[in-house]
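Notes for the structure review
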Amino acid sequence: MNRAAAVASILLVGISLVPVGNHVIADEPPLFGYSAESSRAERQWEEKLRAIPSPENLRSYMQKLSARPHHVGSQADKDNAEWIASKFKEFGLDTHIEQFDVLFPTPKERVVELVEGGPKFVAKLQEPAVPQDPTSSQQAEQLPTYNAYSIDGDVTAPLVYVNYGVPEDYEQLDRMGVSVKGKIVIARYYHSWRGIKPKVAAEHGAVGCLIYSDPHEDGFVRGETFPAGAYRPPDGVQRGSVADMPFYPGDPLTPGVGATKDAKRLKIEDAATITKIPVLPISYGDAQPLLAALTGQVAPEGWRGGLAITYHIGPGVAKVHLKVKSNWDIKPVYDVIGKIQGATFPDEWVIRGNHHDGWVNGAEDPISGQVALMEEARALGELVKSGWKPKRTIIYCAWDGEEPGLLGSTEWAEQHYDELRAHGVAYINSDGNGRGYLGIEGSHTLEKFSNDVARDISDPETKLTAWKRQQLHEIAEAKTTEQREEIRKRADLRIPALGSGSDFTGFLQHDGVASLNIGFGGEDGGGIYHSIYDDFYWFTHFSDTDFVYGRALAQTGGTAMMRLADADLLPFEFGDFADTVQTYLKELKALSQKMQDDIRERNREIEEGVFKATNDPKHPLVAPSVESVPPHLNFAPMENAVDALNHSAADYRKALEQANANGGSALVSASLAEVDKMLIESERKLTNAEGLPNRPWFKHQLYAPGFYTGYAVKTVPAVREAIELKQWKQADEAIVVVAKILQEESTLISSAAAKLATATAH
Ligand SMILES: [Zn+2]
């Protein structure tokens, strides 16, 4: 921790000791970004807000919205959008539905069969209804099990098991002398976003890809299976998109622009995000006979799943026929947009979203989050009726088409790019909710703000604050003494950066709008993700059965929205931000050092004959070859930029302290619109027009989904991924680009500090 941040955290520790929640005391320090007087008023409104959301409403909304399969293009999807819009209107929001027209393939033909190497076997590719679960029998309306945006194909080839199908697995296969060229691979779900599996398989020459749910990950190895328990039954299948979303999300035919009726569209064959090889997801019931037919080497220990078979790699005599054919239709998506106009700064938009479409009935994903968002909208509407006037404009969004490819939110973020760049203060996302700990991830300029919100939310099970419970949880999970020390002492809990996998992507990584993702979880296991069993029956038996965590999510989202909308000065903070960027720099230097050390060590072992001496001739491995040791990278530009950031963060803190003097009256009397504008600009500044090397849609230079991880974030992606891919020259070039962005950020923060100091000078 740098000195400035250390000082800041000492100041803030004092603040965190003050009681929170329902017991407001007279001398409570004002909320961040508020004068003492506006803080008192705000706290009263916030308490009213948090008293409104009701578990009974959440339950009845969920029952309604998950009553029928409601995927893109279905009748229930449209009905749900219209119903949500009617509720928003009833709550008092100025509401409309915005439609986009997107490419959405649905399956016409699906075949997986074992044609050689074992008893003839044809995969069922069907999830059976469960008698006690009433919606599981709505087969006529259910989307079949498939991976959206798989290319059409009909291939027959030997089968190879590739573990999770991530790049490291192919390195291991190389060492084992196994090639997937011309083969069909079978990979298990997890350890990467699913779309990475066919992408990496195709890069290695495979002609087809099966993805199955091994019971080790979310089936009987974890717990009782549905309907006796929460976990994946033998025929349960995880549907999902396999479009190459780390390249660009949204409609494959309209990258970078809204998919309006008359938008210019690519030809399907030119859409870069459709897979290169056919892909289908299968259950472990369907996977077992295929895996059992594999011969060849026995899979390494870490590759073995939970089925009662010896896992082999292949290839051998086992040959599989895979056929996928889709209807390649254009379908409508319906985004529901509801507004409450700001009274003082109507051109500053605070935005909240959760998707409403599901793969099937989708009670947990996404309705458990959607219903909380609706209760927030109702609560804010009630407050407006009783006289509350938000300073800034509030926008509530129920997105369509998230499941196939973040379609509704991405098209909206593209269509309204200029307005969002001009007016977007922050975007707060959720996507499903469960019992447990409050998880918050996102922009580090809002780290302090999000910690403050968590301190005012009560955890339904423990009655601790959500913040305190999360802190104790992190202490329990910490691996080292050093980590525990930091969690105990640092004023704010660190929030993880955002990768992708939900609707914040367009806002944060394309438009440069500061974003947070919020949700409770960690206590409910389960294996119904993207299957027909994710429904009202499952949710009300195995998850947040009394909807108290749904209420807590509505309280969290509602509090965050109000507090951003009402602040005298937007609660952006740069000490935590600078501290985070500094840790990223440390990580990058360590990574580059490790790459050098590892290659040097391996070269030495090759020279010593380690690989020859330890090779078992009955199970031979291919020896690695000598590699040239990576050059030293020049991190100096980034180090200078981080120093500058630390200085400007301290400047801003000083200016804030001055503004806060005397009860913060200056915050109310001064005209702070220009400072607000600069604060809003602070996330835009982290983007550039060129975007990331090789994926220009992604404009944010600090946060992106990994090109080979999919959901998981790569921070400082241009530098980090270049190092990981051993592209040393590109890494050095990227350091210069990122350093320039950070220098400009630092200049902006210092200007904001100067402006704030002048505006609030006594
Ligand atoms: Zn979702």
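Residues numbered from 1 in each chain as written. Predicted model: local features only at pLDDT ≥ 70, side-chain atom pairs only at ≥ 80, totals over all residues. Heavy atoms only, no water.

**As for the overall build of the chain**
From N to C terminus, the chain includes 25 helices and 16 strands. Over its C-alpha atoms the chain spans a radius of gyration of 26 Å, differing by no more than 12% from the 27 Å that the globule rule assigns to 762 residues. Seen along its three principal axes, the alpha-carbon backbone of the chain occupies a region of about 85 × 65 × 50 Å. Taken across its 762 residues, the chain has 59% of its residues classed as buried. For the chain, contacts bridging at least 24 residues in sequence account for 80% of all contacts bridging at least 6. Total accessible area on the chain is roughly 28,500 Å²; 53% of this is exposed by carbon and sulfur atoms. Measuring between centres, the 78 positive side-chain charges of the chain sit 1 Å from its 106 negative side-chain charges. (Helix = DSSP H or I, 4+ residues; strand = E, 2+ residues; numbered from the N terminus. Rg over C-alpha atoms; globule rule 2.2 N^0.38 Å. Buried < 20%, exposed > 50% of the residue type's maximum accessible area, 1.4 Å probe, protein only. Contact = heavy atoms within 4.5 Å. Areas by Shrake-Rupley, 256 points an atom, 1.4 Å probe, with all protein chains shown as cover. Lys, Arg positive; Asp, Glu negative; His and termini not counted. Charge placed at Lys NZ, Arg CZ, Asp CG, Glu CD.)

**Observations concerning the pattern of salt bridges**
Inspection of every chain in the model, using the stated rule, returns 49 salt bridges. Between Arg 490 and Asp 579 there is a salt bridge, with its nearest N and O atoms 2.8 Å apart. Linking Arg 490 in the loop between helix H15 (481–489) and helix H16 (504–511) with Asp 579 in helix H19 (residues 575–608), this pair joins segments that are 89 residues apart in sequence. Since its relative accessible area comes to 4%, Asp 579 is described here as buried. Overlapping salt bridges, with partners in common, bring together Arg 435, Asp 459, Glu 461, Arg 469, Glu 523 and Asp 524 in one network. (Salt bridge = Lys/Arg side-chain N within 4 Å of Asp/Glu carboxyl O.)

**Considerations on the coordination of the zinc ion**
At this site the zinc ion is bound by His 355 (NE2), Asp 365 (OD), Asp 431 (OD) and Asp 431 (OD), with donor distances of 2.0 to 2.6 Å. Given four donor atoms and angles of 54 to 146 degrees at the metal, the environment of the zinc ion is assigned as irregular. For the zinc ion, the single-chain donor residues occur in sequence as H-x9-D-x65-D. Placement of the pair is His 355 in strand S10 (residues 345–355) and Asp 365 in helix H9 (residues 363–385), with a sequence separation of 10 residues. With a relative accessible area of 0%, His 355 lands in the buried category. Note on Asp 365: relative accessible area 8%, which makes it buried. (Donors = N, O, S within 2.8 Å, 3.2 Å for Na, K, Ca; no water. Tetrahedral: all angles 85-135°; square planar, octahedral: opposite > 155°, others 65-115°.)

**Observations regarding the side chain of Asp 133**
Following the sequence through the fold, Asp 133 ends up in the loop between strand S2 (121–122) and strand S3 (147–148). Buried and without a salt bridge, Asp 133 has Arg 68 as its closest oppositely charged side chain, separated by 12 Å. Apart from the residues lying within four places of it in its own chain, the contact partners of Asp 133 are Phe 226, Tyr 533, Asp 535 and Tyr 537.

**What about the nonpolar core?**
By size, the foremost hydrophobic cluster in this structure holds 216 residues, and its most contacted members are Phe 88, Val 112, Leu 210, Tyr 212, Tyr 652 and Ile 723. With residues up to four places along the chain from it excluded, the contact list for Phe 88 reads Leu 93, Thr 95, Val 336, Gly 338, Leu 373, Met 374, Ala 377 and Tyr 396. (Core = buried A, V, L, I, M, F, W, Y, C linked by side-chain atoms within 4.5 Å.)

**Considerations on the pairing of strand S8 (residues 279–282)**
Of the two faces of S8, both are covered, the one formed by Val 279 and Pro 281 as well as the one formed by Leu 280 and Ile 282. Bridge analysis of strand S6 (residues 208–212) against S8 gives four bridges, and the strand direction is parallel. Considered in S8, the bridge of Cys 209 is made with Val 279. (Pairing = 2+ DSSP bridges.)

**A word on the packing of helix H21 (residues 636–660) against helix H25 (residues 728–759)**
Between two packed helices, what matters for the description is the angle formed by their axes and the separation of those axes. Close contact between H21 and H25 brings their axes to 8 Å; oriented N to C, the two are set at 15 degrees. One finds that H21 runs roughly parallel with respect to H25. Note that H21 runs across H25; the crossing there is left-handed. Of the residues in the contact of H21 with H25, the class split is 19 nonpolar, six polar and two charged. (Axes fitted to C-alpha atoms, helices over the stretch in contact; angles between N-to-C directions. Parallel < 35°, antiparallel > 145°, perpendicular 65-115°, else oblique. Left-handed = near helix turned anticlockwise from the far one by under 90°. Nonpolar A, V, L, I, M, F, W, Y, C, P; charged D, E, K, R; others polar.)

**A word on H21**
Taking 1.5 Å of rise per residue, 25 residues should cover 36 Å, and H21 covers 36 Å from first to last C-alpha, within 8% of that figure. Of the residues trailing H21, Asn 662 is marked for its positive phi of about 55 degrees. (Expected span 1.5 Å × (residues − 1).)

**Considering the environment of Ser 137**
Mapped onto the secondary structure, Ser 137 falls in the loop between S2 and S3. A residue is classified by how much of its surface remains accessible, and Ser 137, at 47% relative accessible area, is partly exposed. Ser 137 has contacts with Ala 129 and Gln 142, leaving out every residue within four places of it along the chain.

**Some words on the packing of aromatic side chains**
Within the structure shown, the criterion is met by 20 aromatic pairs. Seen in terms of ring centroids, Phe 226 and Phe 542 are 6.3 Å apart; in terms of plane orientation they differ by 75 degrees. Their pairing is edge-to-face. Of the two residues, Phe 226 sits in the loop between helix H7 (215–218) and strand S7 (240–241) while Phe 542 sits in helix H17 (residues 536–542), which places them 316 residues apart along the sequence. Using a relative accessible area of 4% as the deciding quantity, one classes Phe 226 as buried. By relative accessible area, Phe 542 is classed as partly exposed at 21%. Considering the side-chain rings of Tyr 427 and Phe 507, the 4.1 Å spacing of their centres and the 10 degrees angle between planes classify their relative orientation as stacked. In this pair, Tyr 427 sits in strand S12 (residues 424–429) while Phe 507 sits in helix H16, placing the two residues 80 residues apart along the sequence. By relative accessible area, which is 0% here, Tyr 427 ends up buried. A residue is classified by how much of its surface remains accessible, and Phe 507, at 0% relative accessible area, is buried. By the ring-pair criterion, three or more aromatic residues cluster together here, those being Phe 226, Tyr 533, Tyr 537, Trp 538 and Phe 542. (Phe/Tyr/Trp six-rings, centres within 6.5 Å; stacked < 30°, edge-to-face > 60°.)

**Structural notes on the environment of Glu 486**
Topologically, Glu 486 is positioned in helix H15. Glu 486 gets classed as partly exposed once you look at its relative accessible area, which sits at 31%. In this structure the C-alpha to C-alpha distance between Glu 486 and Ala 308, which are 178 residues apart in sequence, comes to 44 Å.

**As for the packing of helix H2 (residues 36–51) against H9**
Axis separation between H2 and H9 bottoms out at 9 Å; the angle between their running directions is 130 degrees. With respect to their mutual orientation, H2 and H9 come out oblique. Relative to H9, the crossing made by H2 is right-handed. Two secondary-structure elements touch here, H2 through Trp 45, Lys 48 and Leu 49 and H9 through Ala 379, Leu 380 and Leu 383. Of the residues belonging to the contact of H2 with H9, the class tally is five nonpolar, no polar and one charged.

**Focus: the environment of Phe 100**
With respect to the helices, strands and loops of the structure, Phe 100 is situated in strand S1 (residues 94–116). On the accessibility criterion, Phe 100 (1% relative accessible area) is buried. Considering only alpha carbons, one finds Phe 100 and Glu 587, 487 residues apart in sequence, at a separation of 41 Å. Setting aside its immediate chain neighbours within four residues, Phe 100 contacts Gly 258, Ala 259, Thr 260, Lys 331, Pro 332, Val 333, Asp 335, Gly 408, Glu 411, Trp 412 and Gln 415.

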